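Listed here are the chains, written in short residue letters.
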Amino acid sequence: MKKIKLLLLSLFICITAFAANTAETETPAQAGLGLKQSEMLIIILLAFAVVLLFVSLTLLNALKVLDNEQSNPMPYTKPVKEPVMDYATWLKRQNDKPSIWTRLLSLRPIEEEKDLVIDHAYDGIKELNNPVPAWFNFLFFGTMIFAVAYLFYYHIGGYGDLQDKEYENEMAKAQIEKAAYLEKSANTIDENSVKFDNTPTVLADGKTIYNTNCVVCHGDKGQGIIGPNLTDEYWLHGGGVNNIFKTIKYGIPEKGMISWEKNLNPKQISAVANFILSLKGTSPAGGKTPQGEKYEAKDLKDNEMKAPKDSVNKADVSK
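Residues numbered from 1 in each chain as written. Predicted model: local features only at pLDDT ≥ 70, side-chain atom pairs only at ≥ 80, totals over all residues. Heavy atoms only, no water.

Undergrad: Describe in detail the overall build of the chain, supporting the description with residues and values.
TA: Across its full length, the chain carries twelve helices and four strands. Burial analysis of the chain (319 residues in total) assigns 20% to the buried set. Counting contacts in the chain only where the partners sit at least 6 residues apart, residues at least 24 apart contribute 61% of the total. (Helix = DSSP H or I, 4+ residues; strand = E, 2+ residues; numbered from the N terminus. Buried < 20%, exposed > 50% of the residue type's maximum accessible area, 1.4 Å probe, protein only. Contact = heavy atoms within 4.5 Å.)

Undergrad: Describe the packing of aromatic side chains, listing the residues and the values that go with them.
TA: One pass over the structure, following the stated rule, counts eight aromatic pairs. For the pair Phe 140 and Phe 141, a centre-to-centre distance of 5.5 Å together with 70 degrees between the ring planes defines the contact as edge-to-face. Using a relative accessible area of 43% as the deciding quantity, one classes Phe 140 as partly exposed. Among the aromatic side chains, those forming a connected cluster through ring pairs are Phe 146, Tyr 150, Phe 152, Tyr 153, Tyr 154 and Tyr 159. (Phe/Tyr/Trp six-rings, centres within 6.5 Å; stacked < 30°, edge-to-face > 60°.)

Undergrad: Explain the environment of His 120 to me, using residue names and the numbers behind them.
TA: By secondary structure assignment, the location of His 120 is in strand E1 (residues 117-122). Beyond its immediate sequence surroundings of up to four residues, His 120 is in contact with Ile 125, Lys 126 and Glu 127. Of the polar contacts made by the side chain of His 120, one reaches the side chain of Glu 127; its length is 3.0 Å. (Polar contact = N/O pair within 3.5 Å; in protein donor to acceptor, adjacent residues only side chain to side chain.)

Undergrad: Quick rundown of a negative patch on the surface? Include the residues and the values.
TA: The grouping of Asp 161, Glu 166, Glu 170 and Glu 177 at the surface amounts to a negative patch. With respect to the secondary-structure elements, Glu 170 resides in helix H7 (residues 163-186). (Patch = residues over 30% accessible without salt bridge, like charges linked within 9 Å, V, L, I, M, F, W, Y side chains within 5 Å. Areas by Shrake-Rupley, 256 points an atom, 1.4 Å probe, with all protein chains shown as cover. Salt bridge = Lys/Arg side-chain N within 4 Å of Asp/Glu carboxyl O. Lys, Arg positive; Asp, Glu negative; His and termini not counted. Charge placed at Lys NZ, Arg CZ, Asp CG, Glu CD.)

Undergrad: Tell me about the packing of helix H8 (residues 200-213) against helix H11 (residues 266-278), and name the residues and values.
TA: Axis separation between H8 and H11 bottoms out at 7 Å; the angle between their running directions is 95 degrees. When the interaxial angle is binned, H8 and H11 end up roughly perpendicular. Residues Val 202, Leu 203, Asp 205, Gly 206, Lys 207, Ile 209 and Tyr 210 of H8 form the contact with H11, whose participating residues are Gln 268, Ala 271, Val 272, Asn 274, Phe 275, Ile 276 and Ser 278. A class-by-class count of the residues in the contact of H8 with H11 yields eight nonpolar, four polar and two charged. (Axes fitted to C-alpha atoms, helices over the stretch in contact; angles between N-to-C directions. Parallel < 35°, antiparallel > 145°, perpendicular 65-115°, else oblique. Nonpolar A, V, L, I, M, F, W, Y, C, P; charged D, E, K, R; others polar.)

Undergrad: Account for unusual backbone geometry, naming residues and giving values.
TA: A positive phi is found at Asp 123, a non-glycine position, where the angle reads about 55 degrees. Within the element layout of this structure, Asp 123 appears in the loop between E1 and strand E2 (125-128). Take Asp 123: its relative accessible area is 81%, and that puts it in the exposed class. The phi dihedral of Ser 283 falls on the positive side, at around 50 degrees, and the residue is not glycine. Among the secondary structure elements, Ser 283 is positioned in the loop between H11 and strand E4 (293-294).

Undergrad: Can you break down the pattern of salt bridges residue by residue, with the values?
TA: Going through the model one piece at a time under the given rule, you end up with two salt bridges. In this structure, the salt-bridge partner of Lys 249 is Glu 191, at a minimum N-O distance of 3.3 Å. One end of the pair, Lys 249, is in helix H10 (residues 240-250); the other, Glu 191, is in the loop between H7 and H8, with 58 residues separating them in the sequence. The same class applies to Lys 249 and to Glu 191, which are both buried.

Undergrad: An account of the side chain of Gln 223 is needed here, citing residue identities and associated values.
TA: By the secondary structure assignment, Gln 223 is in the loop between helix H9 (215-218) and strand E3 (234-235). Aside from chain neighbours lying at most four places away, what touches Gln 223 is His 218, Asn 229, Pro 284, Ala 285, Gly 286, Gly 287 and Lys 288.

Undergrad: Please give an account of a nonpolar patch on the surface that cites residues and values.
TA: Taken together, Trp 101, Leu 104, Leu 107, Val 132, Trp 135, Phe 136, Leu 139, Phe 140, Phe 141 and Met 144 make up a surface patch of nonpolar side chains, about 1000 Å² in accessible area. Of all the secondary-structure elements, those providing two or more residues to the nonpolar patch are helix H4 (100-104) and helix H6 (134-156).

Undergrad: Account for the pairing of E1, naming residues and giving values.
TA: Bridge count for E1 against E2 is three bridges, and the pairing is antiparallel. What sits directly across from Val 117, in E2, is Leu 128. The hairpin formed by E1 and E2 contains two residues between the paired strands, and Asp 123 there has a positive phi angle of roughly 55 degrees. (Pairing = 2+ DSSP bridges.)

Undergrad: Help me get a handle on the nonpolar core, residues and values and all.
TA: Among the nonpolar cores identified, the biggest contains 19 residues, and Tyr 210, Trp 235, Ile 244, Ile 248, Val 272 and Ile 276 are the most heavily contacted of them. Every element with two or more residues in this core is listed here: H8, H10 and H11. When residues of this core are assigned to their parent elements, the largest contribution, five residues, is made by H11. (Core = buried A, V, L, I, M, F, W, Y, C linked by side-chain atoms within 4.5 Å.)

Undergrad: An account of the state of the cysteines is requested, with residue identities and associated values reported.
TA: Here the structure, examined in full by the defined rule, presents zero disulfides. Just so you know, Cys 214 is unpaired, no disulfide at all, and the nearest cysteine sulfur is the one on Cys 217, 8.2 Å from it. Judged by its relative accessible area of 15%, Cys 214 falls in the buried class. (Disulfide = S-S within 2.5 Å.)

Below, the structure is given as structure tokens:
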């Protein structure tokens, strides 16, 4: 065994020395891992040495076991045959205390069957006196007590809400949540997501905002004073709810139209834009002559913001 160990040790030393000598030779770097050929060879040799060492140690341990077995063989012992235990003896050795599962289900052992037989039989069929488990009785009477309490709480005392009342409460709660959601989402409206809405609530809010901020330039009925007429089909910067929203939001500073983005929130701008659309065709007295281009919503490009134009056209110049 000592000779084998010395042989393995000398083999490992030789491989290591060969790898060290190989490392001294300079070779150009190879593409890929960026390692030289000598470095790759060293790594392969070291891995081979580790595997060889592991295999050698495994074989060495196996040879040790074989050598010990040959030197000191294990004596053969004849197996002892144990006597077969009968059922009665086995039952006596079992634990006499019933388990929790047995007590929970009120189970009785098979040995006590003779004590459970009732003194009557039909055609040789005997009946055992197996009462209902206690847990089942507790559950059954508990459901009866729960039913009485439920009847008193919901139907007699009226302390709880029935299904119809619960439905009404849930619907009222849903309306509150819906209003909160709409209030929150209304502040995310922009010129691309704004929609036409002519509901009375929206038009009433838009009219209030218009009377507060827009009457000075556009008149109380949209007939136009400093600003253009808002009741005809002609628009200087594009019609439709998208263009009107953009005009109110960003303004037209070179024409005197200020930006209302900092004074009004998106919901208010949407409301006043829809109110302005509701003025179309009202033709109030003293309205200004049409300005701009006639708007017809036929193409999606019509919703794009139009470049500012001069409010004085050729017809006005000729006049």
